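Structural overview for review
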Amino acid sequence: MPYAPADGISSKGRTPIKYDLLIKKGHVIDPSQTIDRVMDVALAGGKVAAIADSLPEADAAELLDADGMIVTPGLIDLHVHNFWGGNEYGIEPDSTNLAKGVTTALDAGSSGATNFAAFRRFIMEPASTRLLALINISTLGLISKDIGELTDLDLADAEAAAKVGRDNRDLVLGIKARLSEPIARGNDVGAVKRALEAAEAMGGFLMIHVGNTVTPMEELVSMLRPGDVVTHAYHGTKHGILDDAGKVIAGMWEAQKRGVIFDIGHGAGSFSFRVAERALADGFYPGNISSDLHAYNVNGPVHDHVTILSRFLHLGLSLYDTIRLTTQATADVMGLTGKLGTLTPGAEGDVSVLKLEEGRFDLTDSYGTTVNANHRLTHVATVKAGHRYPSH
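This one's a predicted model, so the numbers in the text were calculated from it and none came from an experiment.

Side note on empty space enclosed by the protein
- Applying the stated criterion to the full structure yields one cavity of 30 Å³ or more.
- By volume, the largest cavity amounts to about 50 Å³.
- Residues that form the lining of the largest cavity fall into these classes: three nonpolar, five polar and three charged.

Below you can see the structure in the form of structure tokens.
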């Protein structure tokens, strides 16, 4: 849906206006600026225009009263599947991202070299969500839950993936490789090697999908470079991050220290409360929180990105750190520091307005374990490029 520009006149009269939208009295959490207090945020021309303790209402064409709400930079989801109609996993981007508080989403390998052009033209470009992508190292991209795209390593064409990445560098940030046994069988190490080759050639990062791999996760993670991403980091299947004593394996600590990002990627089968609790108790914190939202989990257990954030509040992360791991930290991973994930004047005018509710809420992980949480975050409003979604 298009965003209508302001007409330059305040609804209060013929006063010349400075801002298209003014968000008043919200509790602003912006870790990029170490802000955690009640402030006003103004947007104009699609950008953040000002942030201050108080800004005049008469300067704005539209007001959004956020009293009692949480105001954050537009949430960023590092792992979604939005190739609607292109495979069994794909879901429509705007109703599942922008309408739920996520202003920017990264499609994690739904398309490969042979079908990215269709994904770009028919899904990414028409979307109101700021949709970016990783190219699947398999030329086919995702297919279905019953057919693995890397069961034949000949499908892992590094040259083709790199070329598509270079030719679409405005929207493509890197390469994705899914390595679980049903997807790659015994080809996981070979797939990582080819994916790294493609990522190097296009100048992007690599995201690997782990969990139930043939090769131990420690060996796969040891192949990665600083800035590469391990998604499904807290999975509860074979070859995870914990040893038999429930402690984080030494190789995971080493990888994290040299700059490998351990991402959540909750999904339908890739997040365990038990693993997360033990890893956090050991001091091993994720570098990013993402949803892995797709057709098989949008109706549960994921539901939406904000629901995943609520899980980490229950696990003991502060609200400030939880927001950081889906705004500033995610923008850093994507190489978009200062443009996204911040309310600094001049940055993209993306804002999420949330509510922190108290009560008793059931939250269920990917393996059917349900916990009773005392808090949850819910979505109230989304601002994209300085205007509320949907525009009105």
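Looking at the sheet that holds strand β11 (residues 229-231)
- On the basis of which strands lie adjacent, the open sheet formed by seven strands has the order β6-β7-β8-β9-β10-β11-β12 and parallel pairing. The outermost strands of the open sheet, each flanked by one partner alone, are β6 (75-80) and β12 (261-262).
- Looking at chain direction, strand β7 (residues 102-108) and strand β8 (residues 130-136) are connected through five bridges and run parallel. Residue Ala-105 lies in a different strand from β8, and its bridge partner there is Leu-131.
- The strands touched by helix α2 (residues 116-124) are β7, β8 and β9 (172-178); relative to β8, the strand with the most contacts, the crossing angle is about 165 degrees.

Let's talk about the pairing of β6
- Burial of β6 is extensive: six of the six residues sit out of reach of the surface.
- Here β6 runs beside β7; their pairing, made up of four bridges, is parallel. Residue pairing across strands places Ile-76 opposite Thr-104, the latter belonging to β7.

Topic: the nonpolar core
- By size, the foremost hydrophobic cluster in this structure holds 97 residues, and its most contacted members are Ile-137, Ile-175, Leu-206, Tyr-234 and Phe-262.
- For this core, the element with the most residues is helix α5 (residues 188-202), which contributes seven residues.
- If we ignore the near neighbours within four places in the chain, the residues touching Ile-175 are Leu-134, Ile-135, Ile-137, Ala-161, Ala-195, Ala-198, Ala-199, Met-202, Phe-205, Leu-206 and Met-207.

Observations regarding the packing of helix α3 (residues 158-167) against α5
- At their nearest, the axes of α3 and α5 sit 8 Å apart, and the two run at 30 degrees to each other. Relative to α5, the element α3 lies roughly parallel. Our pair here, α3 against α5, has a crossing hand that is right-handed. Facing Ala-158, Ala-161, Ala-162, Gly-165 and Arg-166 of α3, the residues of α5 in contact are Arg-194, Glu-197, Ala-198, Ala-201 and Met-202.
- Among the residues forming the contact of α3 with α5, the class breakdown is six nonpolar, one polar and three charged.

Some remarks on the environment of Leu-336
- Residue placement: Leu-336 occurs in the loop between α11 (328-333) and β13 (351-364).
- Since its relative accessible area comes to 18%, Leu-336 is described here as buried.
- Dropping the residues within four chain positions of it, Leu-336 is found in contact with Leu-132 and Ala-331.

Some remarks on the confidence of the model for the protein chain
- When pLDDT is averaged across the protein chain, the result is 95; 96% of the residues are at 70 or more.
- In this model residues 1-12 is a low-confidence stretch, pLDDT under 50, and it forms 34 contacts with partners more than four residues away in sequence or in other chains.

A few points about the layout of surface pockets
- Of the voids in this model, the largest pocket is the one considered here, and its volume is about 510 Å³.
- Lining of the largest pocket is provided by 27 residues; of these, Tyr-89, Arg-178, Ser-180, Ile-183 and His-209 occupy positions nearest its centre.
- For the lining of the largest pocket, the secondary-structure elements that each account for two or more residues are β9 and α4 (181-184).
- Tallied by class, the residues present in the lining of the largest pocket amount to eight nonpolar, 14 polar and five charged.

Calculation criteria
Sequence positions are assigned chain by chain, starting from 1 and proceeding in written order. In view of the model being predicted, local features appear only for residues whose pLDDT reaches at least 70, and side-chain atom pairs are presented and counted only at 80 or more, with totals across whole chains, interfaces and linings using the full set of residues. Based on all heavy atoms of the structure, the side-chain values leave hydrogens and waters out of the count. Each cavity reported here is a set of points on a 1 Å grid over the protein atoms alone in which a 1.4 Å probe fits but cannot get out, each pocket an open set with protein on both sides within 12 Å along at least five of seven lines, and each lining residue one with an atom within 4 Å of a point. Grid points are joined across faces, edges and corners, and a volume is the space filled by probe spheres set on the points. The classification used treats Ala, Val, Leu, Ile, Met, Phe, Trp, Tyr, Cys and Pro as nonpolar, Asp, Glu, Lys and Arg as charged, and all other residues, Gly among them, as polar. Strand pairing is assigned whenever DSSP detects at least two bridges linking the two strands. In this description a helix means any DSSP run of H or I spanning at least four residues, a strand means any run of E spanning at least two, and both kinds are numbered starting from the N terminus. By definition in these notes, contact holds between two residues if any of their heavy atoms fall within 4.5 Å. Convention adopted: a line fitted to C-alpha atoms gives each axis, helices being fitted over their contacting stretch, and angles between N-to-C directions are expressed from 0 to 180 degrees. Burial here depends on accessible area, computed with a 1.4 Å probe over protein chains only, as a share of the maximum for the residue type. Under 20% is buried, over 50% is exposed, and the range in between is partly exposed. For the purposes of this section, nonpolar cores are sets of buried Ala, Val, Leu, Ile, Met, Phe, Trp, Tyr and Cys residues that join through side-chain atoms within 4.5 Å. Angle categories are assigned with fixed cut-offs, so that under 35 degrees is roughly parallel, over 145 is roughly antiparallel, 65 to 115 is roughly perpendicular, and the rest are oblique. Should the near helix be turned anticlockwise from the far one by less than a right angle, the crossing is termed left-handed; should it be turned clockwise, right-handed. Each residue carries a pLDDT score, the predictor's confidence in it, ranging from 0 to 100.

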